[in-house]
Amino acid sequence: AACGKSEDKKTSGSTSDISLGFAQVGAESGWRTANTNSIKDSASEAGFDLKFSDAQQKQENQIKAIRTFIQQKVDVIAFSPVVESGWDTVLKEAKDAGIPVILTDRAVDSKDESLYVTFIGSDFVEEGKKAGQWLSDQYKDASADVNIVELQGTTGSAPAIDRKAGFEEAIKGNSHLKIIASQTGDFTRAKGKEVMQAFLKANPKIDVLYAHNDDMALGAIQAIEAAGLKPGVDIKIISVDAVHDGMQAASEGKINYIVECNPLLGPQLMDAVRDVLAGKTIEKRIVTKEGTFTSEEAKAALPDRKY
Ligand code: GZL
């Protein structure tokens, strides 16, 4: 296409010829499904030509997708980096091709902030702190040790690294709160169940499960029930996301506290795409708003939830 293509876009005004390449992590969880739906719905409402790829949680597939978008000369590239590291080379290729990049959901650890225009997503450290703070409050008068097992998200991903750090920060004031086992369940139900089975076999006394997402918590609940224990009673459960099935389990008292992680990033992403192409400056960091739910609050909120 003629050089200065994006300049033409600015003058043409019609959005139908704006092309957006989106490289999604995968389809590993209820959260991811809601996130994908939000991006696809918002792109069609905006009239953008969306080129969408699912990387099945493999970084090499996301890198391949970004290279394809560069060859297709899309106007903007957006993606949710499955892990934090290893992006500088392909992001430099996008920059050299004059294609702006927007990060959504997860961050990269690149030192060169010129490689992306903005990062739209949650503060995962804050999410971990909310989870840890609730637990600290629950056990502030504990006189015996409280054994915690942790199901971490995908190894090397921003949510797994930051939710772990925030949680540890929030519980460090109570010496009785002890993380006795911590392992990745890769954000999936199947892996969450498998790892929780191993935790139950190796640890005679587990008081609390901290799961970095609802899907792993739901898998763990299956393992806990299969072991003849009552989730939410014999083993307290704290989870993150607040997707429908997690909120359902919380309303039944199987999950005691859920920290919301908002997947509906589509509208903010499309606004950022328009602003970038209109030459507007965008803040480097756009933090999504989100809350928390006890079992009772989940029960009350369920009817109004969009996903
Ligand atoms: C968080 C997102 C995480 C969700 C998981 O923003 O990256 O990935 O918490 C999803 O459910 O798999």
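Rules and cut-offs
- Residues numbered from 1 in each chain as written.
- Predicted model: local features only at pLDDT ≥ 70, side-chain atom pairs only at ≥ 80, totals over all residues.
- Heavy atoms only, no water.
- Helix = DSSP H or I, 4+ residues; strand = E, 2+ residues; numbered from the N terminus.
- Rg over C-alpha atoms; globule rule 2.2 N^0.38 Å.
- Buried < 20%, exposed > 50% of the residue type's maximum accessible area, 1.4 Å probe, protein only.
- Areas by Shrake-Rupley, 256 points an atom, 1.4 Å probe, with all protein chains shown as cover.
- Lys, Arg positive; Asp, Glu negative; His and termini not counted.
- Charge placed at Lys NZ, Arg CZ, Asp CG, Glu CD.
- 1 Å grid on protein atoms, 1.4 Å probe; cavity = no way out; pocket = protein on both sides within 12 Å on 5 of 7 lines; lining within 4 Å.
- Points joined across faces, edges and corners; volume = space filled by probe spheres on them.
- Near = heavy atom within 4 Å.
- Polar contact = N/O pair within 3.5 Å; in protein donor to acceptor, adjacent residues only side chain to side chain.
- Sits in = over half its atoms within 2 Å of the grid points.
- Nonpolar A, V, L, I, M, F, W, Y, C, P; charged D, E, K, R; others polar.
- Pairing = 2+ DSSP bridges.
- Right-handed = clockwise from strand over helix to strand, strands pointing away.
- Contact = heavy atoms within 4.5 Å.
- UniProt positions renumbered as here; feature names shortened; annotations may be inferred.
- Core = buried A, V, L, I, M, F, W, Y, C linked by side-chain atoms within 4.5 Å.
- Axes fitted to C-alpha atoms, helices over the stretch in contact; angles between N-to-C directions.
- Phe/Tyr/Trp six-rings, centres within 6.5 Å; stacked < 30°, edge-to-face > 60°.

(A) Representation of the overall build of the protein chain. Of regular secondary structure, the protein chain possesses 11 helices and 12 strands. Relative to the 2.2 N^0.38 estimate, which gives 19 Å for 307 residues, the radius of gyration of the protein chain is 21 Å and therefore close to what a compact globule would have. Relative to its full complement of 307 residues, the protein chain shows a buried share of 54%. Surface accessibility of the protein chain: about 13000 Å² in total, with carbon and sulfur atoms responsible for 50%. Positive and negative side-chain charges in the protein chain, numbering 37 and 46 respectively, have mean positions lying 2 Å apart.

(B) Layout of empty space enclosed by the protein. Summed over all chains, the structure comprises 1 cavity of 30 Å³ or more. Taken as a whole, the largest cavity holds about 80 Å³ of empty space. Along the wall of the largest cavity there are 13 residues; nearest its centre are W31, R106, R163, F187 and D241. For the lining of the largest cavity, the elements supplying multiple residues, two or more each, are helix 2 (30–46) and helix 6 (158–171).

(C) Here's a closer look at the site of the ligand. Residues in close proximity to the ligand total 13 residues, the closest being E28, D105, R106, R163 and D241. For the ligand, an oxygen atom lies 2.9 Å from a polar atom in the side chain of N213. Contact with the protein chains hides 100% of the accessible area of the ligand, taken as 320 Å² for the molecule alone. In a pocket analysis with a 2 Å cut-off to the grid points, the ligand is assigned to the largest cavity. Its residues assigned to classes, the shell around the ligand shows 5 nonpolar, 2 polar and 6 charged.

(D) Fine view of the pairing of strand 10 (residues 257–260). The two faces of strand 10 match: Y257 and V259 on one face and I258 and E260 on the other face are all buried. Note that strand 9 (residues 236–241) and strand 10 share 4 bridges and pair parallel. Across the sheet, residue I238 finds its bridge partner in strand 10, namely Y257. For the segment spanning strand 9, helix 9 (residues 244–251) and strand 10, crossover handedness is right-handed. Bridging between strand 10 and strand 12 (residues 292–294) involves 3 bridges; their strand directions are antiparallel. Opposite V259, over in strand 12, you have T292 as the bridge partner.

(E) Representation of the side chain of S110 in the model. Following the sequence through the fold, S110 ends up in the loop between strand 4 (101–104) and strand 5 (118–121). When its relative accessible area of 9% is taken as the criterion, S110 is described as buried. Among the polar contacts made by the side chain of S110, one reaches the side chain of D88 at a distance of 2.5 Å. Here S110 is in contact with W87, D88, L91 and L115, once residues within four sequence places are set aside.

(F) Here's a closer look at the UniProt feature "domain: Periplasmic binding protein" (unreviewed entry) in the protein chain. UniProt's feature table lists "domain: Periplasmic binding protein" (unreviewed entry) at residues 26–280, given in the numbering used throughout. For residues 26–280, helix accounts for 45% and strand for 18%, while the C-alpha atoms at its two ends are 31 Å apart.

(G) Quick peek at the nonpolar core. L151, M196, F199, L209, M247 and I255 are the most contacted members of the largest nonpolar core, which totals 30 residues. Secondary-structure elements contributing two or more residues to this core are strand 6 (146–152), helix 7 (189–202), strand 8 (208–211), helix 8 (214–226), helix 9 and helix 11 (295–301). When residues of this core are assigned to their parent elements, the largest contribution, 7 residues, is made by helix 8. Among all residues touching L151, those that are not within four sequence positions of it are Q183, G192, V195, M196, F199, L209, Y210, A211, H212, M216 and A220.

(H) The sheet that holds strand 2 (residues 49–54), seen in detail. The 6 strands are arranged 2-1-3-4-5-11 in an open sheet whose pairing can be described as parallel. Every interior strand has two partners, whereas the edge strands, strand 2 and strand 11 (285–287), have only one. Averaged over all pairs of adjacent strands, the angle between their axes in this sheet comes to 15 degrees, without regard to strand direction. Alignment of strand 1 (residues 19–24) against strand 3 (residues 76–79), held across 4 bridges, turns out to be parallel. Paired with A23 across the bridge in strand 3 is F79.

(I) Expanded view of the packing of aromatic side chains. Applying the stated criterion across every chain, the model contains 4 aromatic pairs. Between W134 and Y257, the aromatic rings sit 5.0 Å apart at their centres with planes inclined by 5 degrees, giving stacked as the arrangement. Of this pair, W134 sits in helix 5 (residues 124–138) while Y257 sits in strand 10, placing them 123 residues apart in sequence. In this pair, the class of W134 matches that of Y257, namely buried.

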